[in-house]
Protein chains: 2
Amino acid sequence: MRFKVKKLNISGGSHLIVVMNEVTAGLEGVHASSRVKLSNHKKSIISVVDIADKEVLGRYELGLFDEVVEALGVKAGDEIEVNPVSQPPSVNYIKKKLDGLELRPNEIKEIIGDVVSNELSQVEMSAFVTATYTRELTMDETYHLTKSVIETGHKVSFGKGIIADKHCVGGISGNRTTLIIIPIIASLGLKIPKTSSRSITSPAGTADTMEVLAPVELSLKKIKKVVKKAGGCVVWGGAMNLAAADDKLISVRHPLALDPLGLMLASIMAKKKAAGSTHVIIDIPLGKGAKTKSIGEAKYLGRQFEELGQRLGMKIKVLITDGNKPIGKGIGPVLEARDVLWILERDSRGPVDLREKSLYLAGELLELTGKANPGEGLGMATRALDSGAALKKFKEIIKLQGGKPVSPDKLEPGKHSFEVKAPRGGIIRLINDDLISRIARRAGAPVDKGAGIYLYKNVDDYVEKEGVVMTIYAENKRLLKEASKLVSEDLFKIK
Amino acid sequence: MRFKVKKLNISGGSHLIVVMNEVTAGLEGVHASSRVKLSNHKKSIISVVDIADKEVLGRYELGLFDEVVEALGVKAGDEIEVNPVSQPPSVNYIKKKLDGLELRPNEIKEIIGDVVSNELSQVEMSAFVTATYTRELTMDETYHLTKSVIETGHKVSFGKGIIADKHCVGGISGNRTTLIIIPIIASLGLKIPKTSSRSITSPAGTADTMEVLAPVELSLKKIKKVVKKAGGCVVWGGAMNLAAADDKLISVRHPLALDPLGLMLASIMAKKKAAGSTHVIIDIPLGKGAKTKSIGEAKYLGRQFEELGQRLGMKIKVLITDGNKPIGKGIGPVLEARDVLWILERDSRGPVDLREKSLYLAGELLELTGKANPGEGLGMATRALDSGAALKKFKEIIKLQGGKPVSPDKLEPGKHSFEVKAPRGGIIRLINDDLISRIARRAGAPVDKGAGIYLYKNVDDYVEKEGVVMTIYAENKRLLKEASKLVSEDLFKIK
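Residues numbered from 1 in each chain as written. Chains lettered and ligands numbered in written order. Predicted model: local features only at pLDDT ≥ 70, side-chain atom pairs only at ≥ 80, totals over all residues. Heavy atoms only, no water.

1. A few points about the overall build of chain A
Then step 1. The secondary structure content of chain A amounts to 18 helices and 19 strands.
Then step 2. Taking 23 Å as the expected radius of gyration for a compact globule of 495 residues, we find that chain A reaches 25 Å, a close match to that expectation.
Then step 3. Along the first, second and third principal axes, the C-alpha set of chain A runs to 75 × 50 × 45 Å.
Then step 4. Counting only carbon and sulfur atoms, one obtains 50% of the accessible surface of chain A, whose full area is about 20300 Å².
Then step 5. The averaged location of the 60 negative side-chain charges in chain A is 5 Å from the averaged location of its 75 positive side-chain charges. (Helix = DSSP H or I, 4+ residues; strand = E, 2+ residues; numbered from the N terminus. Rg over C-alpha atoms; globule rule 2.2 N^0.38 Å. Areas by Shrake-Rupley, 256 points an atom, 1.4 Å probe, with all protein chains shown as cover. Lys, Arg positive; Asp, Glu negative; His and termini not counted. Charge placed at Lys NZ, Arg CZ, Asp CG, Glu CD.)

See the structure below:
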């Protein structure tokens, strides 16, 4: 059946929705929330149907939500063909996995294809995610899943030769090593085009922090130009559409807070592979504040990364690091950016732990790529930092991305602040990372760039009675009040 | 924040949706597809947000889909309060179950409460359904689930004393025993108020077939009146809202075709208990065409029904019956209704297998309730049928429900028909029940009441070469053509 397009100027989030006249829907056997295939001469997409009273839409007028208009590239008055779709066979494969059976490569390919083309509904995708959670994917399945995600997404080429990269799994607060590692590596002549994410549940993602210093939402053309000139970049990866299937699955994983191992591996490694990475350092923080709590778990995860990397033809080095406490002092975009600049400028206010961890990871990456001989990576990285070469490179990247290098002292946190003091003197034994995140987010991070927390004391530090342990910053007074209400005796332990 | 109601006159199926101005949404931190709580002075509901361009809606104007207007009972221009909601704790219990841990009674209660109040999204409900599929519910969990479903739904009382009932699990084609059992039992003075379902995936549900003879969508008041006078009824159960939680879970189970044991038990038994049933026969067809394929499976299922029934204070008798072939000759509302009337009228055209199975089940129910002594139920049921008492009772029920008794010969199937003939002579060894269903549905059943299939030959019957095995009926020529295209050599096997 053919319909005339009417734009509704309504957005349904990640859902593709069209609205049909009730009379037409009745005649054509289309129910509310059933799926239809929309086609114009250019392409086809699958969309969910809502039903409108007959006064709202003409008989063969189809109301389109914004996402559908964009996906189809149509305008008001265009004609499109609408056909009901039946449940795709991939639903049976999802059920097969729920039954505990291993999926064949073509079955995984079909599931991922249907995720991307919107043939699978949210309910069906949710079943797939929970299936991979309760029935852990085998390495074969994970490999084919990763391949399918790569094949159904975009790929980017930054040219031949070594493409270095790093990734941190299940972060802890602060820990903004990327912004230090990238300029070190790039200053030594290696290519390291870093695509980062924005925060989902943390006070800041790497992209959020970099955005304090330079634009991060660059066109692919611009990104390539930056990398060609500077060797490195720090941009937001979302616009590159490297793993469309993964983005859709994440939209289902997120509300459930489910992070099945196989999906996580595929998500990370597909993006690396699609961006052409050849040598990748994987940082797995281990400890109380981190996602990985036991050494056995960390090692198992590490082996999975290595095996998957090998199958994909990438060199992977896994590093298990200390995840028992925040790294650095600033938490939140501006405060983290300031830490980073202090370190690159060799200012004594730069947090030592963040500097050391960054140098360690950079050194390992230099050795993995063969740029440094075994045992010489750390020294090479340290010289690049201490000579000012890394700072120079970072300024170059900032400029190329469209930013303006700034002194860290010009980076001011939110003007409203609240000091959290020690109720008694002693050694801080524990800082509650989850609560730190929640407080910083409630204060406005990452939307309000200046919101966050500055840690004066970290785990193992001595604090006097009434000494300031941390300061909460916010740009908005009400948010500061709400954030400071979250402070409780669970925030840190003194013994 | 307070909004003015604007009715959009759009329906979103089972979803409750509101549309917010993009500027307001940005300020209030509301994203597309996030959930908000809507409250007026009467009540509160949870709804999903879509976002509209600022030209579409005023800053504090909220667009309401039909389902929200109905649920809140508001009109255009009314003021309502809107507040963001966070993820309910029940999501953690769902995750706990996914991790393979047993849920406590209060956790199950909270999940079901959140299902009913719409606090859980489709994605979250889907995770719950798959959790109960891969991690089978224990009997304790099933019991508390059933109790929670009962507590959150409506209850109906048909007075004190015995309330008889029957249920068939995972039907086979035809098999319309209910319409014969109800008048037999009621004619013997027992109360048997039968609430039935419409078809979801079969060519007809009991309610669809009864609707050929009388209205089935009755008000609760009317239903009580019918039962008070006639002792029995056959009505559609959907409007009684006996198990609101179950209806919502089914909306998620259906697209996935998942039927986790615990949810199925709770779904069936909660409705029985809420309708006050005290003595229930459970018919479990076992065989190729049925849902239950092995005797071990059937017995396990039977024991679960008995144990759950005992805990709920109901007397349950499980009967495992032959599910290897269709029961009766007609498939589809009109054709089934005709079979039923022929049997009640003791017309020789009434299918013997359907008559015998109905008498067997009715006899067992009479013995279970104590109406008949052990071993005497079948005789009592047979006399009620052969004396014409059951027919008289059925006519009384039809009239009380608002129908007009009709002669079976006036019940005419669709005027377009297609004969399926035997390619060679021999004994029919197998009829593909799934394919029978699909053909009958494609022909228009159950929406077109006259559409369906009439089986001239069943399994174990001899057929000559070119003899008619079955006739497909349709009210619409195009649908007949589409249905007849589904006929293949898989439809039946002759040996």
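Okay, back to it.
2. Details of the packing of helix α10 (residues 244-256) of chain A against helix α11 (residues 261-274) of chain A
Residues and elements named next belong to chain A.
Then step 1. At a minimum axis separation of 11 Å, α10 and α11 run at an interaxial angle of 145°. The chirality of how α10 crosses α11 is left-handed. Two secondary-structure elements touch here, α10 through D246, L249, I250 and R253 and α11 through L263, M264, S267 and K271.
Then step 2. Here the contact of α10 with α11 is composed, by residue class, of four nonpolar, one polar and three charged. (Axes fitted to C-alpha atoms, helices over the stretch in contact; angles between N-to-C directions. Left-handed = near helix turned anticlockwise from the far one by under 90°. Contact = heavy atoms within 4.5 Å. Nonpolar A, V, L, I, M, F, W, Y, C, P; charged D, E, K, R; others polar.)

3. Examining the domain arrangement of chain A
Then step 1. Assigned domains of chain A: these are domain 1 (2-84), domain 2 (90-135), domain 3 (164-239 + 272-400) and domain 4 (413-494).
Then step 2. Spacing between the C-alpha centres of domain 1 of chain A and domain 3 of chain A amounts to 44 Å. (Domains from an automatic or database assignment.)

4. Comments concerning the interface of chain B and chain A
Often, the extent of an interface is quoted as the loss of accessible area upon association of its parts.
Then step 1. Taken residue by residue, the interface counts 37 residues in chain B and 37 residues in chain A.
Then step 2. For the pair chain B and chain A, the summed buried surface comes to about 2900 Å²; carbon and sulfur atoms form 60% of the total.
Then step 3. Sorting the residues of chain B by area buried against chain A places V123, T134 and L256 of chain B first, and these three jointly supply 18% of that buried surface.
Then step 4. Inspection of the region where chain B meets chain A yields zero salt bridges.
Then step 5. Taken together, the links from chain B to chain A amount to 10 residue pairs in polar contact (both at pLDDT 80 or more).
Then step 6. Among the elements of the structure, β2 (10-11), β3 (17-21), β5 (44-52), α3 (90-98), α5 (122-134) and α10 (244-256) of chain B are those that each provide at least two residues to the side of chain B that touches chain A. (Buried area = accessible area lost by both parts, 1.4 Å probe. Salt bridge = Lys/Arg side-chain N within 4 Å of Asp/Glu carboxyl O. Polar contact = N/O pair within 3.5 Å; in protein donor to acceptor, adjacent residues only side chain to side chain.)

5. Some words on the relation of the copies chain B and chain A
Then step 1. When chain B is fitted to chain A, the residual RMSD is 0.2 Å, and the transformation amounts to a turn of 179° plus an axial shift of 0.0 Å. On this basis, the relationship between the two copies can be described by a two-fold rotation axis. The rotation axis passes nearest to the C-alpha of V123 of chain B in chain B, at a distance of 2.6 Å.
Then step 2. The share of interface residues of chain B whose copies in chain A are also at the interface is 100%, consistent with both copies meeting through the same surface. (Least-squares fit on C-alpha atoms with pLDDT ≥ 70 in both.)

6. A few points about the packing of aromatic side chains
Then step 1. Counted under the stated rule, the structure contains four aromatic pairs over all chains.
Then step 2. Ring plane angle 70° and centroid distance 5.2 Å describe the contact between Y454 of chain A and Y456 of chain A, whose orientation is recorded as edge-to-face.
Then step 3. Judged by centre distance (5.1 Å) and plane angle (45°), the rings of F3 of chain B and Y60 of chain B are tilted. Taken as a pair, F3 of chain B in strand β1 (residues 2-7) and Y60 of chain B in the loop between β5 and β6 (61-64) lie far apart in primary sequence, 57 residues in all.
Then step 4. A cation over an aromatic ring shows up here: R198 of chain A above the ring of W236 of chain A, its NZ or CZ 5.6 Å from the ring centre.
Then step 5. Positioned over the ring face of Y454 of chain B is R338 of chain B, at 5.3 Å from the centre of the ring. (Phe/Tyr/Trp six-rings, centres within 6.5 Å; stacked < 30°, edge-to-face > 60°. Lys NZ or Arg CZ within 6 Å of the ring centre and 35° of its normal.)

7. Re unusual backbone geometry
Then step 1. Omega for the bond connecting A445 of chain A with P446 of chain A falls within 30 degrees of zero, at 0°, which places this linkage in the cis form.
Then step 2. By secondary structure assignment, the location of P446 of chain A is in the loop between α17 (433-442) and β16 (452-455).
Then step 3. At N9 of chain A, a residue that is not glycine, the phi angle is positive and equals roughly 55°.
Then step 4. Summarising the element assignment, N9 of chain A is placed in the loop between β1 (2-7) and β2 (10-11).
Then step 5. Phi at N118 of chain B takes a positive value of approximately 75°, unusual for a residue other than glycine.
Then step 6. Relative to the assigned elements, N118 of chain B resides in the loop between α4 (105-116) and α5.

8. Examining the pairing of strand β6 (residues 61-64) of chain A
All names here are of chain A.
Then step 1. Pairing between β1 and β6: four bridges, direction parallel. Among the inter-strand pairings, K4 is bridged to a residue of β6, identified as E61.
Then step 2. One ladder, built from three bridges, connects strand β3 (residues 17-21) with β6; its direction is antiparallel. Bridge assignment links V18 to a residue of β6, and that residue is L64. (Pairing = 2+ DSSP bridges.)

9. Notes on the sheet that holds strand β8 (residues 164-168) of chain A
Residues and elements named next belong to chain A.
Then step 1. Pairing is parallel in the open sheet, where three strands are placed in the order β8-β11-β12. Sheet topology places β8 and β12 (315-322) at the edges, where each strand pairs with a single neighbour. When strand polarity is set aside, the average angle formed by the axes of neighbouring strands in this sheet is 20°.
Then step 2. The pairing of strand β11 (residues 279-286) with β12 spans eight bridges and is classified as parallel. Its bridge partner lying in β12, H279 is registered against K315.
Then step 3. Along the sheet, α11 makes contact with β8, β11 and β12, crossing β8 at roughly 165°.

10. Thoughts on the pattern of salt bridges
Then step 1. One pass over the full model with this rule turns up 54 salt bridges over all chains.
Then step 2. Here R104 of chain A makes a salt bridge to E107 of chain A, at a shortest N to O gap of 3.3 Å.
Then step 3. Measuring nitrogen to oxygen at the nearest pair gives 2.7 Å for the salt bridge that ties R311 of chain B to D140 of chain B. Of the two residues, R311 of chain B is situated in helix α12 (residues 295-311) and D140 of chain B in helix α6 (residues 139-151); the sequence distance between them amounts to 171 residues.
Then step 4. When its relative accessible area of 34% is taken as the criterion, R311 of chain B is described as partly exposed.
Then step 5. The partly exposed category is assigned to D140 of chain B, whose relative accessible area is 37%.
Then step 6. Connected through shared salt-bridge partners, R198, D208, E211, E217 and K449 of chain A make up one network. (Buried < 20%, exposed > 50% of the residue type's maximum accessible area, 1.4 Å probe, protein only.)

11. Notes on α10 of chain A
Then step 1. Along α10 of chain A, the sharpest change in direction is near 25° and occurs at I250 of chain A.
Then step 2. Taken residue by residue, α10 of chain A has A244, A245, D246, L249, V252, R253 and L256 of chain A as its buried positions.
Then step 3. Tucked into the core, α10 of chain A has its buried residues touching α4 (105-116), α5 (122-134), α6 (139-151) and α11 of chain A together with α3 and α5 of chain B. (Bend = angle between axes of the 7 residues up to and from the residue.)

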